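# Coordinate inspection notes
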Amino acid sequence: MFDEKIPPSRVQHPLAILTEIENAAAVDQELLLRDAGTPWAGLLAAYVDTLNELALGGAEDTDYIARFGLDEGHAGGCG
């Protein structure tokens with residue numbers, strides 16, 4: 001009738017359990033992304049090229065040409 005008590009040394013901290021769950025989910029997600037075979041680098045390059053083409057198309061009306069690129073992680077909005 002009585003449950004056997006677990007000694008305190010064997011009780012896992014709740015944050016440790018959450019970390020294990022998070023790590024397992026991250027591994028599962030990484031495997032899914034790898035199996036999908038999506039060429040992320042190619043997609044990102046195509047996106048940047050498309051932005052540049054749109055900027056060049058809009059520059060026909062003005063002398064200003066905006067160029068978009070990958071600038072070492074700078075998110076903009078500074079200053």
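A brief structural summary. (Residues numbered from 1 in each chain as written. Predicted model: local features only at pLDDT ≥ 70, side-chain atom pairs only at ≥ 80, totals over all residues. Heavy atoms only, no water.)

The secondary structure content of the protein amounts to 2 helices and 0 strands. Sorting the 79 residues of the protein into buried and exposed places 5% on the buried side. About 7600 Å² of surface is accessible on the protein, with carbon and sulfur atoms providing 60% of the total. (Helix = DSSP H or I, 4+ residues; strand = E, 2+ residues; numbered from the N terminus. Buried < 20%, exposed > 50% of the residue type's maximum accessible area, 1.4 Å probe, protein only. Areas by Shrake-Rupley, 256 points an atom, 1.4 Å probe, with all protein chains shown as cover.)

Counted at 1.5 Å a residue, the expected span for helix 1 (residues 14–36) with its 23 residues is 33 Å, and the 33 Å between its end C-alpha atoms agrees. Where helix 1 ends, the next residue or the one after it, Gly37, has phi of about 70 degrees, a positive value. (Expected span 1.5 Å × (residues − 1).)

A cluster of nonpolar side chains, Leu15, Ile17, Leu18 and Ile21, forms an exposed patch at the surface whose accessible area comes to about 390 Å². Within the secondary structure layout, Leu18 lies in helix 1. Here Leu18 falls in the exposed class, since its relative accessible area comes to 53%. (Patch = residues over 30% accessible without salt bridge, like charges linked within 9 Å, V, L, I, M, F, W, Y side chains within 5 Å. Salt bridge = Lys/Arg side-chain N within 4 Å of Asp/Glu carboxyl O.)

Worth remembering: the numbers are spatial, not functional.
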